[in-house]
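# Understanding the architecture of this molecule
Below are the chains, spelled out letter by letter.
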Amino acid sequence: MIGGVAADAPTRGEPGGVNQRPASAPTAAGVVLASGSGTRVGSAVNKVYLPLGGRRLVSWSLAALGQVPDIGVLVLVTRPQDADLVAEVLDRAESRVAVEVVHGGSSRQESELMALRHLAPRIRSGQVDTVLIHDAARPLVTPELVTRVLRAAREHGGAVPGLPAEDLVTVREQDGAELVEAVAADLVGVQTPQGFASAPLLAAYEQAAREGFAGTDTASCMERFSAVPVRWIPGSRRNFKITYAHDLVVAEQVLADRH
Ligand SMILES: C[C@](O)(CO)[C@H](O)COP(=O)(O)O
């Protein structure tokens, strides 16, 4: 069952405290999803807390979103059993913005809903105009990509970074063991952060909860339950998702090359 924000969730940063802005200057909120289990990486520890480039993996996403001046609220969605790791990450966080922690649900959809319900008073008051939802498992996101998503979301209502599938691989349909035909090359592999106008986003997630819908990303829920157009903008090859152990090796190398 989909519930509300965990009342006992550790919370850093007070709504209306360090993040407060005048009502005339709405801010964007960044949501980092860290409440999955990430078993395919082959670790007993939730993959988003594995070491990467001298930090825990999730810290990179918090730092990237926190560097974008228009993001005035940061929400980290976690699992209760990761509380010690979360506390360590927050103690070392270099984010300009205080990180507010919310407990997630049993699915991506529920975890997004928990974050949106946490933000609901600030969405309804107009304080938060746009919400960007990001996978903690995409630690190589850059402030530049976050800024582009935010600009496009504010301009169009919804924005998703992606890479044309033809750019990645040749895609073919399969029928059992047989390959039958190549798929038309108009597919896009989508990434996060995905950004949306906050009020229709909250409304879409509340309706999805009532109807028992569960999408694989934020855009799928918006496409189903809102009239907001979802624009795609160029993503980044480096913004790949850490799924398997091999991805960690590549991410270490990308970070080493950054310096
Ligand atoms: C949202 C996403 O990153 C788009 O590629 C992807 O669907 C996330 O998958 P997950 O299984 O929820 O990590």
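Our subject is the structure that appears above.
Residues numbered from 1 in each chain as written. Predicted model: local features only at pLDDT ≥ 70, side-chain atom pairs only at ≥ 80, totals over all residues. Heavy atoms only, no water.

### What to know about the site of the ligand
Around the ligand lies a shell formed by Arg108, Asp135, Arg138, Val190, Thr192, Thr216, Asp217 and Lys241. The separation between an oxygen atom of the ligand and a polar main-chain atom of valine 190 is 2.7 Å. Within the backbone of threonine 216, one N or O atom sits 3.3 Å away from an oxygen atom of the ligand. Each residue belonging to the shell around the ligand can be placed in one class, and the counts come to one nonpolar, two polar and five charged. (Near = heavy atom within 4 Å. Polar contact = N/O pair within 3.5 Å; in protein donor to acceptor, adjacent residues only side chain to side chain. Nonpolar A, V, L, I, M, F, W, Y, C, P; charged D, E, K, R; others polar.)

### Some points on the packing of helix H6 (residues 198-211) against helix H7 (residues 218-225)
If you want to describe how two helices pack, look at the angle between their axes and the distance between the axes. Between H6 and H7, whose axes approach to 9 Å, the crossing angle comes to 85°. Relative to H7, the element H6 is oriented roughly perpendicular. Within the contact between the two elements, H6 uses Pro200, Leu201, Ala204, Tyr205, Gln207, Ala208 and Glu211 and H7 uses Thr218, Cys221, Met222 and Phe225. For the contact of H6 with H7, the class distribution of residues is eight nonpolar, two polar and one charged. (Axes fitted to C-alpha atoms, helices over the stretch in contact; angles between N-to-C directions. Helix = DSSP H or I, 4+ residues; strand = E, 2+ residues; numbered from the N terminus. Parallel < 35°, antiparallel > 145°, perpendicular 65-115°, else oblique. Contact = heavy atoms within 4.5 Å.)

### Describing the packing of helix H3 (residues 108-124) against H6
Running from N to C, H3 and H6 cross one another at 135°; their axes reach a closest spacing of 9 Å. One way to sum up the angle between H3 and H6 is to call them oblique. For the pair H3 and H6, the crossing hand works out as left-handed. Taken together, the residues of H6 that come into contact with H3 (itself represented by Gln109, Glu112, Leu113, Leu116, Arg117, Ala120, Ile123 and Arg124) are Ser198, Ala199, Leu201, Leu202, Tyr205, Glu206, Ala208 and Ala209. Considering only residue class, the contact of H3 with H6 consists of 10 nonpolar, two polar and four charged. (Left-handed = near helix turned anticlockwise from the far one by under 90°.)

### Section: the pairing of strand E9 (residues 178-182)
Bridging between strand E8 (residues 172-175) and E9 involves four bridges; their strand directions are antiparallel. Each bridged residue has a counterpart across the sheet, and for glutamate 173 the counterpart in E9 is glutamate 181. Between E8 and E9, which pair antiparallel one after the other, the connecting turn spans two residues, and glycine 176 there sits at a positive phi close to 60°. (Pairing = 2+ DSSP bridges.)

### Considerations on the packing of aromatic side chains
Using the criterion set out here, one finds one aromatic pair in the structure. With 5.3 Å between their ring centres and 80° between their planes, phenylalanine 213 and phenylalanine 225 make a pair best called edge-to-face. In this pair, phenylalanine 213 sits in the loop between H6 and H7 while phenylalanine 225 sits in helix H7, placing the two residues 12 residues apart along the sequence. Judged by its relative accessible area of 16%, phenylalanine 213 is buried. (Phe/Tyr/Trp six-rings, centres within 6.5 Å; stacked < 30°, edge-to-face > 60°. Buried < 20%, exposed > 50% of the residue type's maximum accessible area, 1.4 Å probe, protein only.)

### Details of the environment of threonine 216
Among the structural elements, threonine 216 can be located in the loop between H6 and H7. On a C-alpha basis, the gap between threonine 216 and glycine 105 in space is 14 Å, while along the polypeptide they are 111 residues apart.

### What about the side chain of aspartate 82?
When you line up the elements, aspartate 82 lands in the loop between strand E4 (71-78) and helix H2 (83-92). At a separation of 2.9 Å, a polar atom in the side chain of aspartate 82 contacts the side chain of arginine 79. Not counting the four nearest positions on each side in its chain, aspartate 82 is found in contact with Ala34, Asn46 and Tyr49.

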